[in-house]
There are 2 protein chains.
Amino acid sequence: MAKKNKTAITPTREEDYSQWYQEVVKASDLAENSPVRGCMVIKPWGYALWENIMHDMDAMFKETGVRNAYFPLFIPLSYLEKEAEHVDGFAKECAVVTHHKLEKGKDGKLVPAGELAEPLIVRPTSETIIGESMSKWTSSYRDLPILLNQWANVVRWEMRTRMFLRTSEFLWQEGHTAHATKVEAQERTSQMLDIYAEFVEKHLAMPVIRGQKTESERFPGADDTICIEAMMQDKRALQAGTSHFLGQNFAKGSDIKFQNEEGQEAYAWTTSWGTSTRMIGGMIMVHSDDDGLIVPPRVAPAHVVIMPIIKKGGDNTQVIESANLLKKALKANSFHGRKVEVEIDSRDIGGARGWDWVKKGIPVRIELGPRDIANNCVFMARRDTNEKKSMDRDDFINNICDILDNIQDSLFQRALQFREDHTFSIDSKEEFYALFKKAKGYENGAFVNSHWCGSRECEEKIKKDLSVTIRCIPFDSPMEEGTCICCGNASSKRVLFAKAY
Amino acid sequence: MAKKNKTAITPTREEDYSQWYQEVVKASDLAENSPVRGCMVIKPWGYALWENIMHDMDAMFKETGVRNAYFPLFIPLSYLEKEAEHVDGFAKECAVVTHHKLEKGKDGKLVPAGELAEPLIVRPTSETIIGESMSKWTSSYRDLPILLNQWANVVRWEMRTRMFLRTSEFLWQEGHTAHATKVEAQERTSQMLDIYAEFVEKHLAMPVIRGQKTESERFPGADDTICIEAMMQDKRALQAGTSHFLGQNFAKGSDIKFQNEEGQEAYAWTTSWGTSTRMIGGMIMVHSDDDGLIVPPRVAPAHVVIMPIIKKGGDNTQVIESANLLKKALKANSFHGRKVEVEIDSRDIGGARGWDWVKKGIPVRIELGPRDIANNCVFMARRDTNEKKSMDRDDFINNICDILDNIQDSLFQRALQFREDHTFSIDSKEEFYALFKKAKGYENGAFVNSHWCGSRECEEKIKKDLSVTIRCIPFDSPMEEGTCICCGNASSKRVLFAKAY
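Every value quoted in this text rests on a predicted model; they were computed, and no experiment measured them.

Right, let's talk about empty space enclosed by the protein for a bit. This model, assessed by the stated rule, comprises four cavities of 30 Å³ or more. Lining the largest cavity we find Cys-39, Met-40, Ile-42, Glu-169, Phe-170, Leu-171 and Thr-277 of chain A together with Tyr-70 of chain B. Only β2 (40–42) and β8 (169–179) of chain A provide two or more residues apiece to the lining of the largest cavity. At three residues, β8 of chain A tops the list of elements feeding residues into the lining of the largest cavity. The class makeup of the residues in the lining of the largest cavity is six nonpolar, one polar and one charged. Estimates place the volume of the second largest cavity at around 40 Å³.

All names here are of chain B. Counted at 1.5 Å a residue, the expected span for helix α2 (residues 44–63) with its 20 residues is 28 Å, and the 28 Å between its end C-alpha atoms agrees. Burial within α2 is extensive, with 15 of its 20 residues counted as buried. Backbone geometry just downstream of α2 places Gly-65 in the positive-phi region, at approximately 95°.

With that out of the way, let us pick up the domain arrangement of chain A. Assigned domains of chain A: these are domain 1 (29–197 + 245–272), domain 2 (297–401) and domain 3 (423–498). On a C-alpha basis, the centroid separation for the pair domain 1 of chain A and domain 3 of chain A is 33 Å.

Overall, antiparallel pairing links the six strands, which are arranged β4(A)-β6(A)-β5(A)-β5(B)-β6(B)-β4(B) in an open sheet. Strand pairing shows two members of the sheet lacking a second neighbour, β4 (74–76) of chain A together with β4 (74–76) of chain B, which therefore form its edges. Adjacent strand axes in the sheet meet at a mean angle of 40° when their direction is disregarded. Sheet topology note: the β4 of chain A/strand β6 (residues 110–122) of chain A ladder contains three bridges and is antiparallel. The partner of Pro-76 of chain A across the bridge, within β6 of chain A, is Leu-120 of chain A.

Right, let's get into the sheet that holds strand β15 (residues 304–308) of chain A. Residues and elements named next belong to chain A. The five strands are arranged β18-β15-β19-β20-β21 in an open sheet whose pairing can be described as mixed. Two strands lie at the open edges of the sheet, namely β18 (342–344) and β21 (388–392), each paired on one side alone. In this sheet, neighbouring strand axes are inclined to one another by 25° on average, regardless of whether the strands run parallel or antiparallel. With four bridges connecting them, strand β19 (residues 364–368) and strand β20 (residues 377–382) associate as antiparallel partners. Following the sheet pairing, Ile-366 is matched in β20 by Met-380. This element, helix α9 (residues 317–331), spans β15, β18, β19 and β20 of the sheet and lies at about 165° to β15.

Quick look at the nonpolar core now. Core analysis: the biggest nonpolar cluster contains 78 residues, and Phe-74 and Val-122 of chain A together with Phe-74 and Val-122 of chain B have the highest contact counts within it. The residues touching Phe-74 of chain A, leaving out its near neighbours within four places in the chain, are Val-97, Leu-120, Ile-121, Val-122 and Ile-129 of chain A together with Val-36, Cys-39, Ala-95, Val-122, Val-155 and Trp-157 of chain B.

Moving on to the interface of chain B and chain A. Facing the 63 residues of chain B at the interface are 63 residues of chain A. Each partner contributes to the roughly 5,300 Å² buried at the junction of chain B and chain A, and carbon and sulfur atoms together form 67% of this total. When residues of chain B are sorted by the area they lose upon contact with chain A, Tyr-70, Leu-102 and Leu-110 of chain B head the list and together hold 12% of the total. Joining chain B to chain A, the criterion identifies four salt bridges. Put simply, Lys-62 of chain A and Glu-51 of chain B hold a salt bridge, and the shortest N to O gap is 3.1 Å. There are 28 residue pairs in polar contact (both at pLDDT 80 or more) connecting chain B and chain A. Top contributing element to the side of chain B that touches chain A by residue count: strand β5 (residues 96–104) of chain B, with eight residues. Of the residues that constitute the side of chain B that touches chain A, the class distribution is 39 nonpolar, eight polar and 16 charged. Bridge count for strand β5 (residues 96–104) of chain A against β5 of chain B is three bridges, and the pairing is antiparallel.

Rules used in this analysis
Residues numbered from 1 in each chain as written. Chains lettered and ligands numbered in written order. Predicted model: local features only at pLDDT ≥ 70, side-chain atom pairs only at ≥ 80, totals over all residues. Heavy atoms only, no water. 1 Å grid on protein atoms, 1.4 Å probe; cavity = no way out; pocket = protein on both sides within 12 Å on 5 of 7 lines; lining within 4 Å. Points joined across faces, edges and corners; volume = space filled by probe spheres on them. Helix = DSSP H or I, 4+ residues; strand = E, 2+ residues; numbered from the N terminus. Nonpolar A, V, L, I, M, F, W, Y, C, P; charged D, E, K, R; others polar. Expected span 1.5 Å × (residues − 1). Buried < 20%, exposed > 50% of the residue type's maximum accessible area, 1.4 Å probe, protein only. Domains from an automatic or database assignment. Pairing = 2+ DSSP bridges. Axes fitted to C-alpha atoms, helices over the stretch in contact; angles between N-to-C directions. Contact = heavy atoms within 4.5 Å. Core = buried A, V, L, I, M, F, W, Y, C linked by side-chain atoms within 4.5 Å. Buried area = accessible area lost by both parts, 1.4 Å probe. Salt bridge = Lys/Arg side-chain N within 4 Å of Asp/Glu carboxyl O. Polar contact = N/O pair within 3.5 Å; in protein donor to acceptor, adjacent residues only side chain to side chain.

Written as structure tokens, this is what we have:
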């Protein structure tokens, strides 16, 4: 053991949570900062994770009739002007293309040339251009519903960036649907949030709270925004997905009209919903520890690493062969529709080899030496519990999916327990303020369910005083008489307060 | 039959091949031009095709150890200056980001603001930035090989665009690998071209000719460029994929160095290889006819459409139910690792319904009426041969994969026959010039195997006189004595001449 009394990641979560996060990303080989401001390079281990996320979510979308399409990277500037909300929302942070070539200047250096008549914006979302297409494609009720999704890169010029959590370019999916009736659009809004919640809980092993945003936290132009919120280990909330019911607002802005069954012209009812590589940031912060990343098996790029014990200068044929056979036997198993993925790491680099895989968060590590082979055993270590034990080789092969399911489940249960341990119902303003005032670093507060009168003033005051926001009005928050945590006026429901990413 | 003596697409291939192509893309619902200059909207039917292509190719890449990663959309201008070839190649046609926000100008209109210290280029390829990462990631021979691929959007500011064939933004994959030895890099270059050839022939049903580019057609900076070339129905060639052996040139430019097993510092040997949505353009032009698109089953978004015969005002429960059962039975089959995909189209719009699916190129159409159900039959039409017949329902279900394989094969054979019918060996300069001089429109010449002395002058002269280029020096071109088709000097090999896209 190379580093017995030390952790693999410095600083630890307690010492500096924010720096710990950056170090985990780096040590796990998920991604690194790129030479381009605010952008990241997603390395193979990180991108494979994203591929698994895309694959699984995409299948869930398609199951409900959604189809993928692709819209242009560029948005004409005039499109942004069409929607007042867009101007306010995105104009302050967008990449603007003004020229279409480079020429050598007087000093021989390249300079932009070929100025465009109309500048183009690199899409911060494809909303406006998808709206235009929907308008073109919709003439009769028979053309509805339109159920579209796009997996793509988008750009928002962020000043302070953090890998996965906030980057100037990020990868995401945005869904846009248009319906003939209000009810159908509302149902779709809920259906997509349910898919997000199911995916995040079952695949990323992150428990979430489903709820409605308050009016001030709503997506601009939406009649209703619903979301899922997860607790990070510093007790801050991360919004892991949102779904918007846009009423007829967006259809009016984009002129999405159709003739209904009665032959009358009507505006469509639309929805939109999105998730991004930010989910990976959330996953890291929910599960990882002071030794590095922990990846839930259902999205892990690989499930098992086999590390044959190599003798320098010796004959390692048998152990390498045995490792290959073990890999083959494991890969014959299907884990939730994906092959069990196995890496063999034969590098002769001492204890650093095992630590590399700890830091990468692979669910199961196997050591395999001549004695194990003689006894038909494998020496197994679980990343989640750090449990290590010798196992019968055949038992291991036959039970690999159960082991992985058990890891998946234990990660979820641990995160759920953590959230429950740090969620409080508070009715006293003093207590509420005291809790959040001392919140900092790793101890960034808690999830607090408190009564709120519904006024924007109280919401604003708490935000201003404590940097605490109403994350959502949880769907399962019961009707209950109480008094607003801020002003003391009557309230009928508790809402979820927390500091947020 | 709504349009018995007419074709679904106007004009026909013979009347105006170029316009026919645009109409096929439109009528098939694959894509449409977007309001953004030179960019297209890829509609669900077209994007599903691309998804299938990505899925299948990606599996082939990964089988050889390649891993996907993601690099930033933006390239700092200074990176382009580092590589002289890049300046010449891409500077004339790139999107330049110069500002990072918009502000309201004096007249209230939005104008670019927040000028960047260094302009950013929207990636025309990620080559330079991947090179920089490889340089960072490579210190020892143990770090090699690095086998990377990226699926992404890229931008080249094209002045004349055609959907799929040439658009300012397009989707592609670019592979980049770095190796410790020359031989390994050369083998990888060939291996990837073999994968392209196998994919294009087996999945897109397009026969290709594999060969080497001449020095003047080589990728800038490559020691060797190899390619696959396919014949379109106008007898022009389309390059469907290229693979480049870059020697140590790229490693020297990007400083990709490593310590070899002997402890000496050495430059890596690199390769790169790419294919794009252009392949879809090729697929359209190889297989489609005057009634619209024909999609090879292995990449088809859906394989079968079931059209229940609906009686206006009648009770259609039975026929709808029977269609649903048929769909379910068909979907239980796996066709080359993908479910058999089935659409049900119950629209009551007369003959236009069938024509819609003809134009979309779905491999098999099924009509299902009460009489078919009573007789346990289906009425089947094949898109490739236009064969129509009644079939026993169970036979159809049990043989669906064979039927699809047969369609796939017949499309390939037909294209191969077509290419053979339009490929000639020509030894007389007069004949060569006569053939290509009369080439225009649909009759755009032929594939011509002729001797070439190897001089750039002859290559240039033919290009200038006839707009005909050497597509490649086919790998299977035998050594054979002859005289150059242009200058009459001695030659030892025939090369492939054609007009090209």
